[in-house]
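Listed here are the chains, written in short residue letters.
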Amino acid sequence: MKSSPAPSGPPPTGGVDRRLGGRVWAALLVIGLVGQIAWTVENMYLNVFVYERITQDPTIIALMVSLSAIAATVATLIVGAWSDRMGKRRAFVAVGYVVWGACTAAFGLLSPEEGVVAAPYVFAAVIGIVALDCLMSMIGSGANNAAFGAWVTDVTTPRRRVAVPTRCSRHFP
């Protein structure tokens, strides 16, 4: 007979509706805010950054968005399964958010110098920015969508789970 793997989450509550403590709410709000800021930077300001500093070709932005979405989807599936097997969601969230922030900050390093219009520099910047955006999307999706979302499921009961996005959205519209 095959034995089933040990559960990685907290023990079942047996139908008990437990309230979330202050530390859990603080973690939910802070991590949720940081995740929303990172996604905003990536999805709103990165396109403007590429358009204003790298190239005004809309094809590059479309390519970047498409490849980033594919990378994020694949990463969410892989990291979600990986964090399930490891059972260490908080580590995935913590490390993922730090690396995600570093990737986001690194975009400022990919801008060609003022006055440089030579094609090789622009081409190198485009390749770098698209690759870094895909990497950032993979890390962000793994940390936020897969690990953080699963952690929220772990620390809440089904009845309380619906309150998390509702209360977070009141604080961070």
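Refer to the structure presented above.
Keep in mind that what you see is a predicted model, and the values were worked out from it rather than measured. (Residues numbered from 1 in each chain as written. Predicted model: local features only at pLDDT ≥ 70, side-chain atom pairs only at ≥ 80, totals over all residues. Heavy atoms only, no water.)

(A) Up close: the packing of helix 1 (residues 22-54) against helix 2 (residues 58-86). With their axes 10 Å apart at the nearest point, helix 1 and helix 2 run at an angle of 145° to one another. Two packed elements cross with a definite hand, and for helix 1 against helix 2 that hand is right-handed. Between helix 1 and helix 2, the residues in contact are Glu42, Leu46, Asn47, Val50 and Tyr51 and Ile60, Ile61, Met64, Val65 and Ser68, respectively. In the contact of helix 1 with helix 2, the residues fall into seven nonpolar, two polar and one charged. (Axes fitted to C-alpha atoms, helices over the stretch in contact; angles between N-to-C directions. Helix = DSSP H or I, 4+ residues; strand = E, 2+ residues; numbered from the N terminus. Left-handed = near helix turned anticlockwise from the far one by under 90°. Contact = heavy atoms within 4.5 Å. Nonpolar A, V, L, I, M, F, W, Y, C, P; charged D, E, K, R; others polar.)

(B) Inspection of the packing of aromatic side chains at higher detail. What the rule picks out here adds up to three aromatic pairs. Ring centres 5.3 Å apart and planes at 85° place the aromatic pair Tyr97 and Trp100 in the edge-to-face group. Residue Tyr97 and its partner Trp100 are located together in helix 3 (residues 89-106), separated by three residues, close to a single helical turn. Given a relative accessible area of 11%, Tyr97 falls into the buried group. The exposure class of Trp100 is buried, given its relative accessible area of 1%. Measuring from centroid to centroid gives 6.0 Å for Phe148 and Trp151, while their planes differ by 25°, and the two rings are stacked. (Phe/Tyr/Trp six-rings, centres within 6.5 Å; stacked < 30°, edge-to-face > 60°. Buried < 20%, exposed > 50% of the residue type's maximum accessible area, 1.4 Å probe, protein only.)

(C) Local environment of the packing of helix 1 against helix 3. At a closest axis distance of 11 Å, the pairing of helix 1 and helix 3 adopts a crossing angle of 30°. One finds that helix 1 runs roughly parallel with respect to helix 3. Between helix 1 and helix 3 lies a crossing of left-handed hand. The residues of helix 3 that touch helix 1, namely those facing Ile31, Val34, Gly35, Ala38, Trp39, Val41 and Glu42, are Val93, Tyr97, Trp100 and Thr104. Of the residues in the contact of helix 1 with helix 3, the class split is eight nonpolar, two polar and one charged. (Parallel < 35°, antiparallel > 145°, perpendicular 65-115°, else oblique.)

(D) Region of interest: the pattern of salt bridges. The full count for this structure, using the stated rule, is two salt bridges. Linking Arg89 and Asp84 is a salt bridge whose minimum nitrogen-to-oxygen distance equals 2.6 Å. Overall, Arg89 belongs to the buried group, its relative accessible area being 8%. On the basis of relative accessible area, Asp84 is assigned to the partly exposed category, the value being 39%. (Salt bridge = Lys/Arg side-chain N within 4 Å of Asp/Glu carboxyl O.)

(E) Highlighting the nonpolar core. Counting residues in each nonpolar core, the largest one holds 33 residues, and the members touching the most others are Leu28, Leu46, Val50, Trp100, Ile129 and Phe148. Residue assignment for this core shows that the elements contributing at least two residues are helix 1, helix 2, helix 3 and helix 4 (119-155). Looking at this core, the element that brings in the most residues is helix 4, giving 14 residues. Apart from the residues within four sequence positions on either side, Trp100 is in contact with Gly35, Ala38, Trp39, Glu42, Met136, Ile139, Gly140 and Asn144. (Core = buried A, V, L, I, M, F, W, Y, C linked by side-chain atoms within 4.5 Å.)

(F) View of the environment of Ile61. You can see Ile61 is positioned in helix 2. With residues up to four places along the chain from it excluded, the contact list for Ile61 reads Asn47, Val50 and Tyr51.

(G) Summary view of the side chain of Asp154. Of note, Asp154 is situated in helix 4. For Asp154, a relative accessible area of 17% puts it in the buried group. There is a polar contact of 2.5 Å between the side chain of Asp154 and the side chain of Arg89. (Polar contact = N/O pair within 3.5 Å; in protein donor to acceptor, adjacent residues only side chain to side chain.)

(H) Main features of helix 1. Taking 1.5 Å per residue as the helical rise, helix 1 with its 33 residues ought to reach 48 Å, and the 45 Å between its terminal C-alpha atoms agrees with that figure. At Tyr45, helix 1 shows its largest bend, some 40°. Of the residues making up helix 1, those classed as buried are Trp25, Leu28, Gly32, Gly35, Ala38, Trp39, Glu42, Leu46, Phe49, Val50 and Ile54. (Expected span 1.5 Å × (residues − 1). Bend = angle between axes of the 7 residues up to and from the residue.)

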